[in-house]
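Residue strings, one per chain:
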Amino acid sequence: MRISCTTPRLPAPRLVLSAAVLALTVTAAACAPASDSADASAPASSSTSLADCRPGSLALTTPGVLTVATDDPAYSPWFVDNTPTNGEGFESAVAYAVADKLGFAKNQVTWTKAGFNQVIQPGKKNFDFDINQFSISAQRAKAVDFSSPYYSASQAIITLQGSKYAGATSLADLKGAKLGAQIATTSLTAIDQIAPTTAPLVYDDTSKAGQALQNRQVDAIVADLPTAYYLTSAELTGAKIVGEFQPTKGEQERFGLLLSKGSALTPCVSAAVDALTSDGTLTRLQDRWLTQATSVPELR
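What you see is a predicted model, and the numbers here were worked out from it, not measured in a lab.

1. Quick word on helix α3 (residues 90-101)
For step 1, the next point in the chain: For α3, with twelve residues, the first-to-last C-alpha span of 17 Å sits near the 16 Å given by 1.5 Å per residue.
For step 2, the next point in the chain: Across the twelve residues that make up α3, a large majority, ten, are buried.
For step 3, the next point in the chain: Looking only at α3, the buried set comprises F90, E91, S92, A93, V94, A95, Y96, A97, V98 and A99.
For step 4, the next point in the chain: Where α3 ends, the next residue or the one after it, G103, has phi of about 95 degrees, a positive value.

So this is what it looks like as structure tokens:
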């Protein structure tokens, strides 16, 4: 989940991870600094017309076929049953919606596997675009292209089940809580909206913040929602997501489709994403696959 974190993703139910795999995943889930999480240089809405973006006119990896990449395994709620081809899960559904806007039938879309660290490096890609919770950032944009954002992440409150804050229904309910977050992240900035009576505790990374919660050194921690999915399912025992809220200070984490740097396809992919934003498709897909699937209430 590459929001304020570089790939915090929700493991499949009852997935058993080895210690080595967990350690690698934790490293991948380290949150990005707020200064690099999003940037004014991130792609603006495309001025390209979708009418000029038909399959026959696109510079594709394989003529007539849209090649889409993602990681393996591909976890819920972004994908379902580690099967990107089924169109289920938020990102699988988004990929097929983009393909449809570009004029591709479902049987004209093919999927390939690509690891996160491999994909963000400079160089020619063996796919047309990758969808894998990539946060748009100025640093990454030096090596790759991003489409217009297809998802903007909210911040989430994580606490332990049985905590007196587990039933909070508003940000005001959290004012008395001892909160924690990773240093220099959008999550730490977002704590200002809660205005807690105690200064938040700051940690080197979100995993350490999660451990502080596990040890009851803090009442709750703040992380972007995709990271919260990961922490509560794979790292923490007896933890729950209390709710989510939209940050009003600092920068918001946004996901973009990733393409090769300077790809001729980028304007058309952005045009497709913009169209899905305008016609409400992205909102409907988010509601179906993220809001309903995770049942995280909104805190105001």
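Moving on, there is more to tell.
2. Here's the deal with the sheet that holds strand β7 (residues 201-203)
For step 1, the next point in the chain: Spatially, the five strands line up as an open sheet ordered β7-β6-β8-β5-β9, and their pairing is mixed. A single partner strand is all that each edge strand has here, and the edge strands are β7 and β9 (239-245). Each strand of the sheet is rotated relative to its neighbour by a mean of 30 degrees, with strand direction disregarded.
For step 2, the next point in the chain: Looking at chain direction, strand β5 (residues 155-160) and β9 are connected through six bridges and run antiparallel. Bridge pairing in β9 places I158 opposite I241.
For step 3, the next point in the chain: The strands touched by helix α6 (residues 206-214) are β5, β6 (179-182), β7 and β8 (220-224); relative to β8, the strand with the most contacts, the crossing angle is about 155 degrees.

3. With respect to the nonpolar core
Nonpolar side chains in soluble globular proteins tend to be buried together.
For step 1, the next point in the chain: Core analysis: the largest hydrophobic core is formed by 58 residues, its most contacted members being F90, V98, F129, I131, Y150, Y151 and I158.
For step 2, the next point in the chain: A total of eight residues in this core trace back to one element, the largest contributor, which is α3.
For step 3, the next point in the chain: If we ignore the near neighbours within four places in the chain, the residues touching Y150 are F90, E91, V94, I131, N132, Q133, F255, G256, L257, V273 and L282.
For step 4, the next point in the chain: Counting residues in hydrophobic clusters, the runner-up holds 17 residues, among them I157, L174, I191 and I194.

4. Section: the state of the cysteines
For step 1, the next point in the chain: Applying the stated criterion to the full structure yields one disulfide.
For step 2, the next point in the chain: In this model, C53 is linked to C268 through a disulfide, with the two sulfur atoms separated by 2.1 Å. Torsion about the S-S bond of the C53 and C268 cystine: about -80 degrees, corresponding to left-handed handedness. Residue C53 is located in the loop between α2 (34-37) and β1 (66-70), and its partner C268 is located in helix α8 (residues 266-278); the two are separated by 215 residues in the primary sequence.

What counts, and where the lines are drawn
Residues numbered from 1 in each chain as written. Predicted model: local features only at pLDDT ≥ 70, side-chain atom pairs only at ≥ 80, totals over all residues. Heavy atoms only, no water. Helix = DSSP H or I, 4+ residues; strand = E, 2+ residues; numbered from the N terminus. Expected span 1.5 Å × (residues − 1). Buried < 20%, exposed > 50% of the residue type's maximum accessible area, 1.4 Å probe, protein only. Pairing = 2+ DSSP bridges. Axes fitted to C-alpha atoms, helices over the stretch in contact; angles between N-to-C directions. Contact = heavy atoms within 4.5 Å. Core = buried A, V, L, I, M, F, W, Y, C linked by side-chain atoms within 4.5 Å. Disulfide = S-S within 2.5 Å.

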